[in-house]
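Working through the structure, step by step
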Amino acid sequence: MQKLKRFFSTEDKFARHAGIELVDVGPGWAKASMKIEPFHFNAAGTVHGGAIFTLADFAFAVASNSHGTLAMGINTSVNFVKAATMGTLHAEAMEQSKGSKLASYSVMITDDAGDVVAIFQGMVYRKKESILQAGS
């Protein structure tokens, strides 16, 4: 798991650019966080939906690849249930089902008070190659 954590912490350039940190990972689950910065805000003064989606998508990617098999997202959805304006957002991805080709995950995005900010669901296609060999 440490090798996978190092891999995602360094190789996901967009997540790093967005200020996302991989907190922990285990088989079928992952936790990530994002300290809210001024560049995360939309014109309404709340955290941009794209920033929240990026945090959720990163946790989803790590959880779905945590078994070592390259998993690529094929469908996602997000419901925004509370505006976020300060502090840190936390994403916890959990595997709901895993077959030989398809797997599904749910991600809860919460604020520092533990209130749900968004609910994300995603499905991946599991390829035959290793995640650590992807892109090389």
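The written sequence of each chain sets the order in which its residues are numbered from 1. Where local features are concerned, this predicted model is filtered to residues with pLDDT of at least 70; where side-chain atom pairs are given and counted, the filter is 80 or more; whole-chain, interface and lining totals use all residues. Hydrogen atoms and water are omitted, and side-chain values are computed over all heavy atoms in the structure.

Secondary structure is summarised from DSSP: a helix means a run of H or I of at least four residues, a strand means a run of E of at least two, and numbering begins at the N terminus for each. Along its length, the protein carries three helices and six strands. Starting at the N terminus and walking to the C terminus, you meet the elements of the protein as α-α-β-β-α-β-β-β-β. Computation of the radius of gyration draws on C-alpha atoms, with the globule rule given as 2.2 Å multiplied by the number of residues to the power 0.38. Computed over the C-alpha atoms, the radius of gyration of the protein is 14 Å, within 12% of the 14 Å expected from 2.2 N^0.38 for a compact globule of 136 residues. Burial here depends on accessible area, computed with a 1.4 Å probe over protein chains only, as a share of the maximum for the residue type. Under 20% is buried, over 50% is exposed, and the range in between is partly exposed. Of all 136 residues assigned to the protein, the portion counted as buried reaches 38%. Should any heavy atoms of two residues lie within 4.5 Å, those residues are considered in contact. Of the contacts formed within the protein by residues at least 6 apart in sequence, a portion of 62% connects residues at least 24 apart.

Here we come to the nonpolar core. L89, V107 and I109 are the most contacted members of the largest nonpolar core, which totals 37 residues. Contributions of two or more residues to this core are made by α1 (2-11), β1 (20-26), β2 (29-35), α3 (49-65), β3 (69-80), β4 (88-98), β5 (102-110) and β6 (116-130). At 10 residues, the largest contribution of residues to this core is made by α3. The nonpolar core is taken to be a set of buried Ala, Val, Leu, Ile, Met, Phe, Trp, Tyr and Cys residues, with the residues joined through side-chain atoms within 4.5 Å.

Two side chains with opposite charge may pair up if their charged atoms get near one another. Only one rule defines a salt bridge in this text: a Lys or Arg side-chain nitrogen within 4 Å of an Asp or Glu carboxyl oxygen. Here the structure, examined in full by the defined rule, presents four salt bridges. Among the ionic pairs, K13 bridges to E11, the shortest N-O distance being 3.5 Å. Looking at E11, the relative accessible area reads 45%, which means it is partly exposed. Its salt-bridge partner being K35, residue E37 comes within 3.6 Å of it at the nearest N-O pair. One continuous salt-bridge network, built from bridges that share partners, spans K82, D111 and D115.

Each pair of strands is called paired provided DSSP finds at least two bridges between the two strands. Here we have six strands laid out as an open sheet, ordered β1-β2-β4-β5-β6-β3, and antiparallel in their pairing. Two strands in the sheet have a free side with no partner beyond their single neighbour: β1 and β3. Strand-to-strand twist across the sheet, computed as the mean angle between neighbouring axes with direction ignored, equals 20°. Every angle, taken between N-to-C directions, lies between 0 and 180 degrees, and every axis is a line fitted to C-alpha atoms, over only the stretch in contact when it is a helix. The sheet strands contacting α3 are β1, β2, β3, β4, β5 and β6, and the helix crosses β3 at an angle near 145°.

Glancing now at α3. Each residue after the first adds 1.5 Å to the expected span of a helix. Its 17 residues place the ends of α3 24 Å apart at the C-alpha level, agreeing with the 24 Å of an ideal helix rising 1.5 Å per residue. Burial of α3 is extensive: 13 of the 17 residues sit out of reach of the surface.

Before going further, it helps to spend a moment on the layout of surface pockets. Rolled over the atoms, a probe as big as a water molecule pinpoints where empty space is left. Of the voids in this model, the largest pocket is the one considered here, and its volume is about 240 Å³. Cavity: a set of points on a 1 Å grid over the protein atoms alone where a 1.4 Å probe fits but cannot get out. Pocket: an open set with protein on both sides within 12 Å along at least five of seven lines, its lining residues, like those of a cavity, having an atom within 4 Å of a point. Taken together, 18 residues form the lining of the largest pocket, with F8, D12, D57, A61 and N65 sitting closest to its centre. Mapped by element, the contributors of at least two residues to the lining of the largest pocket are α2 (13-17), α3 and β3. With seven residues, the top contributor of residues to the lining of the largest pocket is α3. Grid points are joined across faces, edges and corners, and a volume is the space filled by probe spheres set on the points.

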